[in-house]
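Residue-level structural notes
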Amino acid sequence: MAKRGKQPREKKLGFISQEIGREINTIGSKANDAEIQKHVILMKDELEKIKEQSLNVL
């Protein structure tokens, strides 16, 4: 069966995860603290996990 275009829920989750990624990047670019940078990296890793899981659910 051929995959159809993205469903509204998939588009919405994609948009939300993209916006979260932008916010994480903003925090990282403005942080002048090594500890915050470590948290930014962890947040990016967790966001990727969320993206993968949302693709599996939808």
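Residues numbered from 1 in each chain as written. Predicted model: local features only at pLDDT ≥ 70, side-chain atom pairs only at ≥ 80, totals over all residues. Heavy atoms only, no water.

A few points about the pattern of salt bridges
What the rule picks out here adds up to four salt bridges. A salt bridge links Glu35 to Lys38; its shortest N-O distance comes to 3.9 Å. Of this pair, Glu35 and Lys38 are both found in helix 2 (residues 34-57), three residues apart, which corresponds to roughly one turn of the helix. Glu46 is the partner of Lys49 in a salt bridge, and the nearest nitrogen-oxygen pair spans 3.1 Å. Of the two residues, Lys49 and Glu46 both sit in helix 2, three residues apart, roughly one turn of that helix. A residue is classified by how much of its surface remains accessible, and Glu46, at 43% relative accessible area, is partly exposed. (Salt bridge = Lys/Arg side-chain N within 4 Å of Asp/Glu carboxyl O. Helix = DSSP H or I, 4+ residues; strand = E, 2+ residues; numbered from the N terminus. Buried < 20%, exposed > 50% of the residue type's maximum accessible area, 1.4 Å probe, protein only.)

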